[in-house]
Structure formats: C-alpha cells, structure tokens
Amino acid sequence: GAGVSQSPSNKVTEKGKDVELRCDPISGHTALYWYRQSLGQGLEFLIYFQGNSAPDKSGLPSDRFSAERTGGSVSTLTIQRTQQEDSAVYLCASSYGQGRTYEQYFGPGTRLTVT
Amino acid sequence: AQTVTQSQPEMSVQEAETVTLSCTYDTSENNYYLFWYKQPPSRQMILVIRQEAYKQQNATENRFSVNFQKAAKSFSLKISDSQLGDTAMYFCAFKSGYQKVTFGTGTKLQVIP
C-alpha cells in the first residue's frame, strides 16, 4: 500500500517568505507527527496530531511555526517569515494510533533551504 | 522527561563483519518500547527492530538483534554479516504510553567493502 508522502521534496525560499509543507499520512492512521532534522542532527519533535487535534505542540520553535490537519488526513506545516536557521529536513510520520505499541511510518521528508 | 543517548557519532565496519551500536536511555517509566530506525542517504526512515520493555527476550530480525539490559537502561543494536546496504544513520528511539517518541542523535555507520 501507499506509504507516507510529503511534498515538496525540496524547497528553496528566500528569507522572510512563508512556506507550506504538506504531509499525506497512510490511510487509516489517526496519529501524525512532524519532526525537524538539521544537518547531522537527530530528530527534533515539533508537533503531533491525534485526529484533527494537536494535544502536544510543545516542540514548535516559535510562533512563526503552525500546523493543521484536516479531515483526519492531510497535514500542513506552515513557517512564516522564514529564517536561515529554519533550513532543515522536515519529516512527517504517521501511526495507526498513539499508544506505545504503534510503529511510526516516516515520509521521505522535505528539505527546506532558506537563502 | 525521557532522554536517549547515542555516544558513537560515527562507526565503520568491514563488509561481512559484525558491529554493535550503543544506546542508553533514562526514564522512570516501567512499560515502554524501544526502537532502532535506519535512515539511508535517501532520507527514508525505516524501522529496523523494536523491543517491548516487559519482554526479557531480546528481539531479533534476521541479521539485526538487540541486547536489552533494562536495569542498566541500555539498548544496543548488533548487525551481523554487515552489507553495503547497511550504510546509513541509525537512530535509537524511546516511546512510553501516549507520549511522543524521543530519538537519540544518531550513529552514522559506514560499511566498507
């Protein structure tokens, strides 16, 4: 079956512009996660959704970052007024549920470069 | 809060040899899952193996096995008969209950022909 997909694969933007990153989870997966991975670093948790609700937004680095999920499916991560430090790979993952037994399936990521 | 530590930023191994990647974690929880994920240059994160904390038997998946030491809070990954396709970043991860997954900083593994 289809895995988690993310678009665009790569995005180059000028400092100060807004960007939208999209994630399509696996059909039927109720939990969705966003992570950021800077060059040579581990995964930094940003936010997770259970259905359309976001119980944990603690990882969003600033109020320039926001995310939404509609219809319990597609999610969009928006970064406003991008800064060079926002350059990273943004990974999305989904899982069947939020319990500890549920494996997360990752998308290929969006590489964001802010110039 | 849980923490996951991978103390080996980079490792290398000869093809067909065995290599062990280390991971330690800190938690006050008793029931949790531990995972090893692989991220090849293509960026696609793939689950390699997982271990349930209440199971004493170490998990194995073909050439991959873990050494889970609950009291020591240690969770190492052993790759036997290393193959060129094993070249990747390997991340150790922890999940408890309904909390988010916590990842280590990763170990970059290079398999040398």
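Heads up: these notes are all about the structure in this document. (Residues numbered from 1 in each chain as written. Chains lettered and ligands numbered in written order. Predicted model: local features only at pLDDT ≥ 70, side-chain atom pairs only at ≥ 80, totals over all residues. Heavy atoms only, no water.)

Describing the state of the cysteines
Phase 1 of the analysis: What the rule picks out here adds up to two disulfides over all chains.
Phase 2 of the analysis: Cysteine 23 of chain A shares a disulfide with cysteine 92 of chain A; S-S distance 1.9 Å. The sign of the S-S torsion, about -65°, decides the handedness of the disulfide formed by cysteine 23 of chain A and cysteine 92 of chain A: left-handed. Of the two residues, cysteine 23 of chain A sits in strand S3 (residues 19-24) while cysteine 92 of chain A sits in strand S9 (residues 88-95), which places them 69 residues apart along the sequence. Across the pair, exposure class does not vary: cysteine 23 of chain A and cysteine 92 of chain A are buried alike.
Phase 3 of the analysis: The disulfide that involves cysteine 23 of chain B links it to cysteine 92 of chain B, with 2.0 Å between the sulfurs. Between cysteine 23 of chain B and cysteine 92 of chain B the sulfur-sulfur dihedral comes to about -70°; the bridge is accordingly left-handed. (Disulfide = S-S within 2.5 Å. Helix = DSSP H or I, 4+ residues; strand = E, 2+ residues; numbered from the N terminus. Buried < 20%, exposed > 50% of the residue type's maximum accessible area, 1.4 Å probe, protein only.)

Quick notes on the nonpolar core
Phase 1 of the analysis: Within the largest apolar cluster, 25 residues are counted, with the highest numbers of intra-cluster contacts made by Tyr25, Trp36, Phe75, Leu77 and Tyr90 of chain B.
Phase 2 of the analysis: Among the elements of the structure, strand S3 (19-21), strand S5 (33-39), strand S6 (46-52), strand S8 (64-69), strand S9 (74-79), strand S10 (88-95) and strand S12 (107-112) of chain B are those that each provide at least two residues to this core.
Phase 3 of the analysis: With four residues, S10 of chain B is the single largest residue contributor to this core.
Phase 4 of the analysis: Core analysis: the second largest hydrophobic core is formed by 20 residues, Leu91 of chain A together with Tyr33, Met89 and Ala93 of chain B among them. (Core = buried A, V, L, I, M, F, W, Y, C linked by side-chain atoms within 4.5 Å.)

Structural notes on the sheet that holds strand S7 (residues 65-69) of chain A
Residue and element names in this part refer to chain A.
Phase 1 of the analysis: One open sheet accounts for four strands, arranged S1-S3-S8-S7; its pairing is antiparallel. The outermost strands of the open sheet, each flanked by one partner alone, are strand S1 (5-7) and S7. Averaged over all neighbouring strand pairs, the angle between strand axes comes to 15°, with direction disregarded.
Phase 2 of the analysis: Pairing analysis gives five bridges linking S3 to strand S8 (residues 75-79), with the strands arranged antiparallel. The residue of S8 that forms the bridge with valine 19 is isoleucine 79. (Pairing = 2+ DSSP bridges. Axes fitted to C-alpha atoms, helices over the stretch in contact; angles between N-to-C directions.)

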